[in-house]
Amino acid sequence: QVQLVESGGGLVQAGGSLRLSCAASGRTFNNYVMGWFRQGPGKERSFVAALTGSGSRTSYADSVKGRFTISRDNAKNTVYLQMNSLKPEDTAVYYCNAAINIATMRDRLVLGSWGQGTQVTVSS
């Protein structure tokens, strides 16, 4: 029902910035919470950030609070993740997905399939 394509990853030095984009398709995009996950080498996929359909409420993992900002443009069916002050531990494949609420997003009860994601590599 929800199809997602991530882009914007790359190689950046510690302290640098990247902006990830996620283009979504499907019904009632603006009714879904949109969020980002990441999976580092040898690690499980973990929650990063989420944003409600109206864009009025956000949720962030403690590790990224104050550094990452999630936003969305419902007219473009796109969600973004602005990543500042990047650290080597942010290195991961980043994925986006949709959920019916923030709680289910955090529980990985997502509506879309997991795609290829976009690779973010932060060098020290």
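Predicted model, so just to flag it, every value in this text is computed and none were measured.

Enquirer: Explain the packing of aromatic side chains to me, please; I cannot follow it from the model alone.
Expert: Working definition: an aromatic ring pair is given by the centre-to-centre distance plus the angle between the planes. Evaluation of the coordinates by the stated rule reveals three aromatic pairs. Plain terms: the ring middles of Phe 37 and Phe 47 are 5.9 Å apart, the flat faces sit at 80 degrees to each other, and that makes the pair edge-to-face. With Phe 37 in strand β4 (residues 33-39) and Phe 47 in strand β5 (residues 46-51), this residue pair connects regions lying 10 residues apart in the sequence. The same class applies to Phe 37 and to Phe 47, which are both buried. Ring plane angle 85 degrees and centroid distance 5.1 Å describe the contact between Phe 37 and Trp 114, whose orientation is recorded as edge-to-face. On the criterion of sequence distance, the pair formed by Phe 37 in strand β4 and Trp 114 in the loop between α1 (102-106) and β10 (118-123) is long-range, its members being 77 residues apart. Take Phe 37: its relative accessible area is 0%, and that puts it in the buried class. Every member of this aromatic cluster is reached through a ring pair, and the members are Phe 37, Phe 47, Tyr 95 and Trp 114.

Enquirer: What exactly am I supposed to notice about the sheet that holds strand β2 (residues 10-13) here?
Expert: By definition, the strands of a sheet pair up through backbone hydrogen bonds, in either a parallel or an antiparallel sense. Strand order across the open sheet formed by six strands is β2-β10-β9-β4-β5-β6, with mixed pairing between neighbours. Of all the strands in the sheet, the pair left with one neighbour each is β2 and β6 (58-60). With direction set aside, neighbouring strand axes in the sheet form an average angle of 25 degrees.

Enquirer: I'm lost on the nonpolar core in this one. Help?
Expert: Within the largest apolar cluster, 37 residues are counted, with the highest numbers of intra-cluster contacts made by Trp 36, Leu 81, Met 83 and Tyr 94. Excluding its chain neighbours within four sequence positions, the residues that come into contact with Tyr 94 are Glu 6, Leu 20, Trp 36, Phe 37, Arg 38, Val 48, Phe 68, Leu 81, Met 83, Gly 117, Thr 118 and Val 120.

Enquirer: Help me understand unusual backbone geometry, please; the structure alone is not making it clear to me.
Expert: With glycine set apart, most residues show a phi of negative sign, and most peptide bonds adopt trans. You will see that Ser 85, though not glycine, has its phi angle at about 50 degrees, which is positive. Along the chain, Ser 85 turns up in the loop between β8 (78-83) and β9 (92-99). The partly exposed category is assigned to Ser 85, whose relative accessible area is 40%. Positive phi values are uncommon outside glycine, yet Arg 108 reaches one of about 65 degrees. With respect to the helices and strands, Arg 108 occurs in the loop between α1 and β10. According to the relative accessible area criterion, Arg 108 is partly exposed, its value standing at 41%.

Rules used throughout
Residues numbered from 1 in each chain as written. Predicted model: local features only at pLDDT ≥ 70, side-chain atom pairs only at ≥ 80, totals over all residues. Heavy atoms only, no water. Phe/Tyr/Trp six-rings, centres within 6.5 Å; stacked < 30°, edge-to-face > 60°. Helix = DSSP H or I, 4+ residues; strand = E, 2+ residues; numbered from the N terminus. Buried < 20%, exposed > 50% of the residue type's maximum accessible area, 1.4 Å probe, protein only. Pairing = 2+ DSSP bridges. Axes fitted to C-alpha atoms, helices over the stretch in contact; angles between N-to-C directions. Core = buried A, V, L, I, M, F, W, Y, C linked by side-chain atoms within 4.5 Å. Contact = heavy atoms within 4.5 Å.

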